[in-house]
Amino acid sequence: MGQQSARLTAHSIRGLSRSEVERARREHGENQFTRKRRRGFWQQFLESFGDPIIKILLAALAVNLLFLLRSQNWFETVGIALAIFLATFVSTLSEYGSESAFLKLQEDAAKIQCRVKRREGVVSILMSEIVVGDLVLLQAGERVPADGILISGELRVDQSALNGESKEAVKSPLQNGSDEWDLSVKNQLFRGSVVTSGEGLMVVRNVGDHTFYGGVAQELQEETRESPLKLRLAGLARTISGLGYKAAGLIAFADLFHAIVIDNGYDLPLILAELHDLGGMLSNFLHAGILAITVVVVAVPEGLPMMITVVLSSNMFRMLRDHVMVRKLIGIETAGSLNLLFTDKTGTLTRGNLSVSTFVTGDGRQYGSVQTLKAAPGLFELVCLSGFANTASIVSQGRAIGGNATDRALLDYLLPVRPQPPAYSKENAIPFDSARKFSAVRLGNGRNLTLFKGAPEKLLQHCKRCYTPDGKIRPLSNMAAVQQTWNQLAGEAMRVLVLAAYDGGWSEEIPHDLILIGLAGIRDELRPEVRKAVREVEGAGIQTVMITGDNRETAVAIAREAGLLKSTEPEAVLTSAELAALDDSRLKALLPRLRVVARALPTDKSRLVRIAQELGLVVGMTGDGINDAPALKKADVGFAMGSGAEVAKEAGDIVILDNNFASIAKAVLYGRTIFKSIRKFIVFQLTMNLCAVGVSLIGPFIGIDTPVTVVQMLWINIIMDTLAGLAFAGEPPLAEYMKEPPKSRSEPIISAEMRNQIVVTGLYTVALCVAFLRLPLFRSLFRPGDAYFMTAFFALFVFSGILNSFNARTHRINLFAHLAKNPSFAAVMLLVAGVQLLLIYYGGTLFRTAGLTLPELKSVCLIAFSVVPVDLARKLCLRLRRR
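1. Quick word on the state of the cysteines
- This structure, assessed with the given rule, holds zero disulfides.
- Unpaired in terms of disulfides, Cys-691 finds its nearest cysteine sulfur in Cys-769, a separation of 4.0 Å.
- With relative accessibility at 3%, the residue Cys-691 sits in the buried group.

Set out below in structure tokens:
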């Protein structure tokens, strides 16, 4: 490839003709990415019916429709159908908008114009119209439109979007370049990088899918694996369906036994006669079937999919206030399940731009800020002259633009306290060059001063004198201390820039008697909130690994400062080359000890995500560049920075709007809170479901065919589904959740403690309801007549459910703990209680109610309240057993 660039003929330098452009387009394709067919909205809507809980609801709906005409139970049928529609439609609507990463990438690319030299002259064309062999003119501020070879000029390019390195790369022509495409090769330019200074001419070698950028685009189209929540819901669906079918079979058998055996007084001749009555037996089987299906429908938590959508959506808007924008709803909950977080350094742990951190003079004085430096007026004036005069950058709208990154960093350091440049005039100048490693400027107007700025290894050895804070010159007596300061700054991941002056005549060679102004320590500063956030994330049991394009020394310094790296274990830090030398099994073995990956390539990120997922870990990835997009897409949850590339934001599940690593900790906390809320809702709903199934099963055996009517069950379902979902959706994020270890990806959604609560509280509530219906003691508390007694039972069922919601809400003894942080919970339960009171007194024949007297109502409430001390006793027993 290097030889190809060297052998460009005068004919080819003139650019391609129209026929050559067409031939190149036919042979090598267009500068566009291959687009996979996107799934349409309705296709995604239909696919959402594959959700395991939705499948159970569909089965229940189908059976309900079969018995609809006979039972006239249209309330339940409509309720299930509505729950299915809302859950699937809202979910599809959310997910449809999140699949536009690749489309966005194409749209952005299509808008960019570039200047191309062709046979007819220089023309401005769309990026997509570029072909292999085109000559592209590049200058500062322009984006490189394709992969190619620089054949003339010199450029500084920002490749941070591709490799994560904040340091600009210097590109210049080579006679013999590499035949391998690599970001570090000096004459190779890559699509997606930005020219920061210089001018040049590039010949295009790769377009479209064959570019480095195109490989990223193809990776973004790969399907990701299922989220932990979906896996857990699938397990829950299998459990519920298995229990539901067994319960249905048991109930059908019990009903047939009651109709054939018990109703005939265990009289064998009557039982045989009943068995031979085909019409009667058909009626018995139909009744048993309807009863079994009714119980299954009651047992299925049809509100769960809708509740999950509600809790995810409500927390999405809450998180937006904390600068966390959720693009994919399921990503919130997944964030709470993280075991491993891979984080980019540039722009995530650090600010993403170079700045002057410290300034050290020849006599060892250190200035931590420009304000303290200003207090030394003589020295400050010399630094200002160096910053404003000896630079390729200019000031525009209060900030430095153009030039190289260190030029801009020095100017931005001075501008807050010196917005206007000092008076000076230039007589001669030597611009910065990567070979020379310094720049110089000769000042006129009687100043008689030449200013030098460059690399320490180039200038420091020539410094024999130094300036004092008041601007006076003295001998540089302790060069060893200056050298030590240089090494110390370099060890703290700083780029060191030497500022020096010369009071003799002008020369293009470096004089051997320079006057040291000072050493500027420049680096991409760590964000101030990062250390605390890292402690919080690691305290939550989440291993954090920093991935950066920087060298090992810089990466280690930043990782130590951030608190990521504490041990001196060699395997805690790996370079990309060391990583590539490891096979998958060896990498899996040392992954738990890994903390830093230096000199990382985009492929390293994707490989690490794959390895971690193969180990069964829930993996998060943060990033802001094009190079991060494939790994953001492959990870279980991708955190993209708000100021990052659009492609990265579209590939991620969650966008951190303030670029603050601390916001990732908030996202994890919200994710854990959501999972807790879902579990609380499941405990509440399955407890009420167990009670409803138990009462429906036992009722006919104690002489009450319909303890709860169809209309009453509709109201109970509204409480269990919609209203309870709204109540539990507002549960507050508690700091204590971040002290718990992360949940395993395969951990069932119903834990042992949840099972204990569902079974104990559910069975007690069933026993309470059966005792209420059967024991004369309870009947004696109410006026004679079934109307009053069954009204009291309806009230008991609902009020015990309301009180059980408080039991399910917290594992604490104090049921009101943190209730003030979720006012909607108390409001919803008060609303349910209020509506229930209205139904007791005004429900009439529709709800099978008759008004209760105040003493009767007090009796019902007192009996229902017994579920609270029973659950408190259960909690105390669990605590004692743990101790």
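2. Concerning the side chain of Asn-206
- By the element assignment, Asn-206 lies in strand β7 (residues 194-206).
- When its relative accessible area of 18% is taken as the criterion, Asn-206 is described as buried.
- Residues in contact with Asn-206, not counting those within four places in the same chain, are Val-132, Ala-146, Asp-147, Trp-181 and Thr-211.

3. Things to note about the pattern of salt bridges
- This structure, assessed with the given rule, holds 31 salt bridges.
- A salt bridge links Asp-584 to Arg-610; the nearest nitrogen and oxygen atoms lie 3.2 Å apart. You can see Asp-584 sitting in helix α25 (residues 584-590) and its partner Arg-610 sitting in helix α26 (residues 602-614), a full 26 residues away along the chain.
- A salt bridge links Glu-731 to Lys-680, with the nearest nitrogen and oxygen atoms 2.8 Å apart. Linking Glu-731 in the loop between α30 (710-729) and α31 (752-774) with Lys-680 in helix α29 (residues 661-698), this pair joins segments that are 51 residues apart in sequence. Lys-680 matches Glu-731 in its accessibility class, with the two residues each being buried.
- Taken together, the shared-partner salt bridges connect Asp-584, Lys-588, Arg-607, Arg-610 and Glu-614 into one network.

4. Some words on helix α3 (residues 18-28)
- For α3, the set of buried residues is Glu-20, Val-21 and Ala-24. In a view along the axis of α3, the buried residues occupy a sector of 105°, so they form one face of it. Away from the buried face of α3 by more than 90 degrees, exposed residues Arg-18 and Arg-26 are located.
- Directly beyond the C-terminal end of α3, a positive phi value near 85° is found at Gly-29.

5. So, empty space enclosed by the protein
- For the structure shown, the criterion picks out two cavities of 30 Å³ or more.
- Within this model, the largest cavity holds a volume of roughly 70 Å³.
- What lines the largest cavity is Gly-336, Arg-672, Phe-675, Lys-676, Tyr-737, Glu-740, Pro-741, Pro-742 and Lys-743.
- Residues of the lining of the largest cavity, tallied by class, amount to four nonpolar, one polar and four charged.
- Here the second largest cavity defines a volume of roughly 40 Å³.
- Listed by contribution, the elements that provide at least two residues to the lining of the second largest cavity are α29 and α33 (786-809).
- Top element by residues in the lining of the second largest cavity is α33. It accounts for four residues.
- Looking at the lining of the second largest cavity residue by residue, the class counts come to three nonpolar, five polar and no charged.

6. With respect to the sheet that holds strand β21 (residues 543-547)
- Spatial ordering of the open sheet is given by β8-β26-β25-β24-β9-β21-β23-β22, a layout of eight strands whose pairing is mixed. Of all strands in the sheet, those bounded by a partner on one side alone are β8 (324-326) and β22 (573-575). Averaged over neighbouring strand pairs, the angle between their axes works out to 20° when direction is ignored.

7. Digging into the environment of Ala-288
- For Ala-288, the position within the fold is in helix α13 (residues 278-299).
- Each C-alpha atom of the pair Ala-288 and Ala-254 lies 8.3 Å from the other, and the pair is 34 residues apart in sequence.

8. Quick look at the packing of α33 against helix α34 (residues 823-842)
- Contact geometry of α33 with α34 gives a least axis separation of 10 Å together with a crossing angle of 175°. Comparing the axis directions of α33 and α34 gives the class roughly antiparallel. Taking contact as the criterion, the partners of Thr-791, Phe-794, Ala-795, Val-798, Phe-799, Ile-802, Ser-805, Phe-806 and Arg-809 in α33 are, on α34, Phe-825, Met-829, Val-832, Ala-833, Gln-836, Leu-837 and Ile-840.
- Among the residues making up the contact of α33 with α34, the classes are represented as 12 nonpolar, three polar and one charged.

9. A closer look at the pairing of strand β3 (residues 135-139)
- Note that strand β1 (residues 113-118) and β3 share three bridges and pair antiparallel. From the neighbouring strand, Lys-117 faces β3, where its bridge partner is Leu-135.
- Relative to β7, β3 is paired through five bridges, and the arrangement is antiparallel. Paired with Gln-139 across the strands is Glu-199, a residue of β7.

10. Overview of the packing of aromatic side chains
- Overall, the coordinates contain 15 aromatic pairs when judged by the stated rule.
- Between Phe-728 and Phe-825 the ring centres are 5.3 Å apart and the planes differ by 75°, which places this aromatic pair in the edge-to-face class. You can see Phe-728 sitting in helix α30 and its partner Phe-825 sitting in helix α34, a full 97 residues away along the chain.
- By relative accessible area, which is 0% here, Phe-728 ends up buried.
- Here a set of aromatic residues connected by ring pairs shows up, and it is made of Phe-681, Phe-684, Phe-728, Phe-806, Phe-816 and Phe-825.
- Between Arg-783 and the ring centre of Tyr-788, over which it is positioned, the NZ or CZ distance is 3.8 Å.
- In this arrangement the basic side chain of Arg-809 is found over the ring face of Phe-825, its NZ or CZ atom lying 5.7 Å from the centre.

11. A short note on a nonpolar patch on the surface
- A cluster of nonpolar residues, Leu-837, Leu-838, Tyr-841 and Tyr-842, forms a patch on the protein surface that exposes about 450 Å² of accessible area.
- Counting through the fold element by element, Leu-838 comes out in helix α34.

12. Side note on the nonpolar core
- Within the largest apolar cluster, 123 residues are counted, with the highest numbers of intra-cluster contacts made by Phe-639, Ile-678 and Phe-793.
- If one sorts the elements of this core by residue count, α29 sits on top with 19 residues.
- Leave out the neighbours within four places in its chain, and Phe-639 touches Ala-335, Leu-338, Leu-341, Met-621, Thr-622, Gly-623, Leu-632, Ile-654, Ile-656, Ile-664 and Ala-667.
- Grouped together as the second largest cluster of nonpolar side chains are 36 residues, Val-356, Leu-451, Leu-499 and Ala-520 included.

Analysis parameters
- What you see as residue numbers is a count from 1 along each chain, following the sequence as written.
- Totals for whole chains, interfaces and linings use all residues, but because this is a predicted model, local features are given only for residues with pLDDT of at least 70 and pairs of side-chain atoms are given and counted only at 80 or more.
- Computation of side-chain values covers all heavy atoms of the structure but excludes hydrogens and water.
- The term disulfide is used for any two cysteine sulfur atoms that are within 2.5 Å.
- Note on exposure labels: buried denotes an accessible area under 20% of the residue type's maximum, exposed denotes more than 50%, and partly exposed covers the range between, all computed with a 1.4 Å probe on protein chains only.
- Only DSSP runs of H or I with at least four residues qualify as helices, and only runs of E with at least two residues qualify as strands; both kinds are numbered from the N terminus onward.
- Any two residues whose heavy atoms approach within 4.5 Å at even a single point are treated as in contact.
- Salt bridges, as used here, are contacts in which a Lys or Arg side-chain nitrogen is within 4 Å of a carboxyl oxygen on Asp or Glu.
- Note that the arc is computed from the directions linking the helix axis to the C-beta atoms.
- Whether a set of points on the 1 Å grid over the protein atoms alone is a cavity depends on a 1.4 Å probe fitting there but being unable to get out, while an open set qualifies as a pocket with protein on both sides within 12 Å along at least five of seven lines; lining residues are those with an atom within 4 Å of a point.
- Grid points are joined across faces, edges and corners, and a volume is the space filled by probe spheres set on the points.
- Residues are grouped as follows: nonpolar covers Ala, Val, Leu, Ile, Met, Phe, Trp, Tyr, Cys and Pro; charged covers Asp, Glu, Lys and Arg; every other residue, Gly included, is treated as polar.
- Two strands make a pair as long as DSSP finds a minimum of two bridges between them.
- Axes here refer to lines fitted to C-alpha atoms; in helices the fit is confined to the stretch in contact. Angles between the N-to-C directions go from 0 to 180 degrees.
- In these notes the angle categories are as follows: under 35 degrees is roughly parallel, over 145 is roughly antiparallel, 65 to 115 is roughly perpendicular, and the rest is oblique.
- Each pair of aromatic rings taken from Phe, Tyr and Trp, with Trp reduced to its six-membered ring, is defined by centres within 6.5 Å and is described as stacked if the planes are under 30 degrees apart, edge-to-face if over 60, and tilted in the remaining cases.
- The criterion is that NZ of a Lys, or CZ of an Arg, lies within 6 Å of the ring centre and within 35 degrees of the ring normal, and then a charge sits over that ring.
- Any residue with relative accessible area above 30% and no salt bridge may belong to a patch, with like charges joined within 9 Å and the nonpolar Val, Leu, Ile, Met, Phe, Trp and Tyr side chains within 5 Å.
- Surface accessibility follows the Shrake-Rupley procedure with a 1.4 Å probe radius. Residue values consider only the protein chains on display as shielding.
- Among the buried residues, those of types Ala, Val, Leu, Ile, Met, Phe, Trp, Tyr and Cys that are joined through side-chain atoms within 4.5 Å form a nonpolar core.

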